[in-house]
Amino acid sequence: MPARRGPPFRRPRRAQSRGGRAEAAWREFAASFARAGMVPPAEAGLAAVEAGEGAAVLLLAPRQALTFTGKCRLRCLYGAVRLLGFAVASHQPGLPAFSPATHCALTLEAQPADRPAAADLRQLRAAARAAMRAHSVRRQARVKVMARFSPECAVVLLEHLDTPVTRFLLSHPPLSRLFEPQKKEETSFTPEDAVLASVGIVKCSPDRGLLVSESMFLALEELIQACCAEDEGVPLVLVCGPKNTGKSTFNRYLINLLLNRLPSVEYMECDIGQTEFTPPGCVSLSNVTEPILGPPFTHQQMPRKMVYYGQTSCEQDTERYLDVVKYVFSSYKKEVPLVVNTMGWVKGEGLLLLIDIIRLLSPSHIVQMDVYDWKAMAPLTPQYVHLTPGLYTKGKQQGKCKQMGGSGAEDWKPSEEEGDASAPEYKLLYVHPEFPRAGVAGEARVHSGILRDMSILGYLGQLQSPDIGAVLPLHSLVPYQVPFNAVALRVIHTDVAPTNIMYAVNAGWVGLCRIPDEIRCQTDGPVLLTQTPVCDCLGFGIVRGVEMEKKLYHILTPVPPENLRAVNCLLLGSIAIPNCVLVGQQGVEGEIPYVTSDYNYSILGSGKLKKKKHFKRREYAFECDYT
């Protein structure tokens, strides 16, 4: 409900009904920002008026922008606006927008329009008024908006947004302030700020938004032109660079720009440490048809093809990683442009592995993101890639290369003709990020481990009911019962004795996979695989418990039952359930399951839950003690 305004904005008295209590709650929420001094003054000309309970109408002049933290549902009623590159017009449905303190803030900008003829002004005013009326905007709000209306402006409806995923994340104390601004400033609190806060967003400095450098602008312009050209073939864009150079943000911005002109874009995730649409540890291929207006935990979805690698780094087994990349890439049909994201491991063997991936995927464009001094990696020109040996492939006139063992070796040993082939043909585009501390190791806004946990929590949030209500603890949900002999089991990242395999899988995060071989077991005991298969992953789950007497796994997963019927393999990797899920089990009396303070840490393989305090790496970082 809208926040209370000052004397000039009097409203009729009414009884303190249920809606009145909600209004009072919204006012208190807005006032909390004022007391904390966390909201900058409203920009001159910014018009925001309350439109209803938890709703506001925003009037933006051409090129006027609002950078904000928080979450809301956005609908353009008149004109056009742009959000993270995506153009939102009046005919489109409402879009959820998520701008947490852990990521680059979103910026909503009004798009310029041609000034209409004088004869059309009355008709345009009527259209804007009718659009507001159709979305139940209060008459008082319509009058205020139309008093400042101009034909070139944009009228946007902002509504409070509450989703099962965000409710689940915010229910964990370490993340309860995820969508609140973190940097405190000694500034005034205007009526417009109160209106925005009643929706759930707070205006912040434009410096917190995406800073598009000149090199980034030129690269985006060329990529869009290439992807929308009518030439034969479709572009394959590979984005690479060191950690903390903005690869993920660049990919989202590029995809949103392409969706303004194309119905869909393919996206291949090769960064197993920071995945976009899946929990961590996956290589995947997704068909993107909707704009990406938030960080990964807000849009977890089932890709077209996904393999669970089971670790956040491939240094221990680069051969299997390349096999996985090749398997997933084989599903790309080359019908729409493909954007490929790569790891930030670009030194030593990481650079050689990247060269192998370039030779495997044969991109048409490579976007190399790095700071100006090029200390992290050399420019990946076609000539450089042609001459430099990879980890498993030869460069020109290179006699030897590292040999792969086991299956797939013949696929990676280039022939003599390949070794002397001409240089690869692709366009190299340099992007130099200009946000503070770009490319500096350890200076990310939030530690990568926290972001991975948030993606897992976003995935588990799909277990919550879509109805607005109390968050259901995971231990209160009913798991599936899976017989031991119905699925094969494999621990990916380490060797585990068969006698200890059930201890390892209990309370574990597992990939629910499908292998082509039929599961055959002479007994009702667990079926153990001797090698890690490269196979389709259909989703993920938590092993709630292992019932030895009845030979059953108890698995909690949001994967629908029709897909679960195809699952015949459980893969356990090094990725664990977030600590806050185990520690914060609500309603449990006595000792919390899987959490104890009385334990013998001298036992081989035992270890404590690690405490993470990585939110304070920058002055505007997300401050929290994440346990």
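1. A look at the sheet that holds strand β23 (residues 569-572)
Spatial ordering of the open sheet is given by β17-β22-β21-β19-β23-β18-β20, a layout of seven strands whose pairing is mixed. Of all the strands in the sheet, the pair left with one neighbour each is β17 (480-483) and β20 (527-528). Bridging between strand β19 (residues 509-514) and strand β21 (residues 536-547) involves six bridges; their strand directions are antiparallel. Its bridge partner being in β21, C513 is matched across the sheet by C537.

2. Section: the packing of aromatic side chains
Think of a pair of aromatic rings as described by two things: how far the centres are apart, and how the planes are tilted against each other in angle. Inspection of every chain in the model, using the stated rule, returns eleven aromatic pairs. When the centroid spacing of 6.5 Å and the interplanar angle of 45° are considered together, the rings of F98 and F179 count as tilted. Of the two residues, F98 sits in strand β6 (residues 95-99) while F179 sits in the loop between α4 (164-170) and α5 (191-199), which places them 81 residues apart along the sequence. There is no split in this pair, since F98 and F179 are both buried. Between Y309 and Y321 the ring centres are 6.0 Å apart and the planes differ by 85°, which places this aromatic pair in the edge-to-face class. One end of the pair, Y309, is in the loop between β13 (305-308) and α8 (318-329); the other, Y321, is in helix α8, and twelve residues separate them in sequence.

3. Brief notes about the pairing of β13
Consecutive residues of a regular strand have side chains that alternate between opposite faces of the sheet. Here β13 shows no split at all, with K305 and V307 on one side and M306 and Y308 on the other all buried. Relative to β13, strand β12 (residues 282-288) runs antiparallel, the two sharing four bridges. Across the sheet, residue L285 finds its bridge partner in β13, namely K305.

4. A closer look at the environment of S284
Structurally, the position occupied by S284 is in strand β12. Exposure remark for S284: the relative accessible area of 2% places this residue in the buried category. Once the C-alpha coordinates of S284 and K305 are considered, the two residues, 21 residues apart in sequence, prove to be 5.5 Å apart. Leave out the neighbours within four places in its chain, and S284 touches Y267, M268, E269, T278, P303, K305, M306 and V328.

5. With respect to the nonpolar core
Among the nonpolar cores identified, the biggest contains 60 residues, and Y308, L460, L474, W509, L512, F540 and Y553 are the most heavily contacted of them. Judged by nonpolar contacts, the second largest core, of 53 residues, contains V81, A97, L108 and L158.

6. Things to note about the packing of helix α6 (residues 214-228) against helix α7 (residues 247-259)
Geometry of a packed helix pair, given as the angle between the helix axes and the separation of the axes. One way to put it is that α6 packs onto α7 with a least axis distance of 10 Å and a crossing angle of 40°. Compared by their axis directions, α6 and α7 come out oblique. Note that α6 runs across α7; the crossing there is right-handed. Residues M216, L220, L223, I224 and C227 of α6 pack against F250, Y253, L254, L257 and L258 of α7. Split by residue class, the contact of α6 with α7 holds ten nonpolar, no polar and no charged.

7. Focus on the pairing of strand β4 (residues 80-83)
Of the two faces of β4, only one is covered, namely that formed by V81 and L83; the face formed by A80 and R82 stays uncovered. In textbook terms, the turn of a hairpin is the stretch between consecutive antiparallel strands, and for β4 and strand β5 (residues 86-89) this stretch comprises two residues, one of which, L84, has a positive phi near 50°. With three bridges joining them, β4 and strand β7 (residues 106-110) adopt antiparallel strand pairing. Paired with R82 across the two strands is E109, which belongs to β7.

Rules of the game
- Residues numbered from 1 in each chain as written.
- Predicted model: local features only at pLDDT ≥ 70, side-chain atom pairs only at ≥ 80, totals over all residues.
- Heavy atoms only, no water.
- Pairing = 2+ DSSP bridges.
- Helix = DSSP H or I, 4+ residues; strand = E, 2+ residues; numbered from the N terminus.
- Phe/Tyr/Trp six-rings, centres within 6.5 Å; stacked < 30°, edge-to-face > 60°.
- Buried < 20%, exposed > 50% of the residue type's maximum accessible area, 1.4 Å probe, protein only.
- Contact = heavy atoms within 4.5 Å.
- Core = buried A, V, L, I, M, F, W, Y, C linked by side-chain atoms within 4.5 Å.
- Axes fitted to C-alpha atoms, helices over the stretch in contact; angles between N-to-C directions.
- Parallel < 35°, antiparallel > 145°, perpendicular 65-115°, else oblique.
- Left-handed = near helix turned anticlockwise from the far one by under 90°.
- Nonpolar A, V, L, I, M, F, W, Y, C, P; charged D, E, K, R; others polar.

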